[in-house]
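# Structural description and commentary
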Amino acid sequence: MTRLFIHKEYKSLQDRMIVKNESGQEVYLIVGKWGRLGDKLSIYTIDGRRLVEAKQVILSLFPKFRLYQDGKKIGSLKKRPGLSGVKKPFFTVTRLNWIISADYDKQIFTVRRFGRKIVTIQKTMSYSGEQYMLTFQNERLAPIACVVAPLLDHYDKNSDPLLKEIREQRYSLSFMRPVFIKLKKIIFSR
């Protein structure tokens, strides 16, 4: 079993995430953004070779991303409504025959292929930002799973910027919060 960790900082102005293995070595770099039509998210090896790219082709409540490897389309990631409607959506990756289900409360995503679990993605929050932990058996799936992981909760309730700010405050120095609020009001009232 292999584990990889994807880390994204809250305060980073650059759209990039570092992927590390269990021993803390940097394995991949994820660069790009998503959320607008035509946006791309790419994963590179540390030496700069692009492995997989996800391009957003549909912008809606149920977005669609095309996945490319070495310039060839390998599938499409699409969010779909669940049996109870919009509440419990799931994802499919065509051509790879992946079905991705989620427990949105616990932030755990399970990737299955023909009913067999192949990847587990767990999202956690820490004082320094979001972190995804990917657990899988087949290392060949790593680049694809790493580029798919940040896209899974793109329209999730936890992606709201206001909620992110609240989470940041939870980990900040609480005794300084009133000072920061007053400074914010002074700065933005000008």
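Refer to the structure printed above.
For clarity, every value in this text was computed on a predicted model and none was experimentally measured. (Residues numbered from 1 in each chain as written. Predicted model: local features only at pLDDT ≥ 70, side-chain atom pairs only at ≥ 80, totals over all residues. Heavy atoms only, no water.)

Our next topic: the overall build of the chain. A count of helices and strands for the chain gives three helices and twelve strands. Scored against the burial criterion, the 190 residues of the chain give a buried share of 37%. For the chain, the share of sequence-separated contacts (at least 6 apart) that also reach a separation of at least 24 residues comes to 32%. With an accessible surface of roughly 11700 Å², the chain has 54% of that area assigned to carbon and sulfur atoms. (Helix = DSSP H or I, 4+ residues; strand = E, 2+ residues; numbered from the N terminus. Buried < 20%, exposed > 50% of the residue type's maximum accessible area, 1.4 Å probe, protein only. Contact = heavy atoms within 4.5 Å. Areas by Shrake-Rupley, 256 points an atom, 1.4 Å probe, with all protein chains shown as cover.)

Turning to unusual backbone geometry, a few remarks are in order. Among all residues except glycine, the phi angle is most often negative; among peptide bonds, the trans geometry is most common. Not every positive phi belongs to a glycine, and Asn97 is a case in point at roughly 60 degrees. Position of Asn97 relative to the elements: it lies in the loop between β8 (85-93) and β9 (98-103).

As a further point, take the environment of Gly24. Mapped onto the elements, Gly24 comes out in the loop between β2 (16-21) and β3 (26-32). Measuring from C-alpha to C-alpha, the distance between Gly24 and Phe5 comes to 8.7 Å, with 19 residues separating the pair along the chain.

Tallied over the entire structure, the rule returns one aromatic pair. Ring geometry for Tyr104 and Phe109: centres 5.9 Å apart, planes at 85 degrees, overall edge-to-face. Considered together, Tyr104 and Phe109 belong to a single accessibility category, that of buried residues. (Phe/Tyr/Trp six-rings, centres within 6.5 Å; stacked < 30°, edge-to-face > 60°.)

A few words now on helix α1 (residues 142-152). Every α-helical turn comprises 3.6 residues, leaving residues that sit three or four positions apart pointing alike. The buried fraction of α1 amounts to eleven of the eleven residues, a majority that puts the element mostly inside the structure. For α1, the complete set of buried residues consists of Ala142, Pro143, Ile144, Ala145, Cys146, Val147, Val148, Ala149, Pro150, Leu151 and Leu152.

Worth remembering: the numbers are spatial, not functional.
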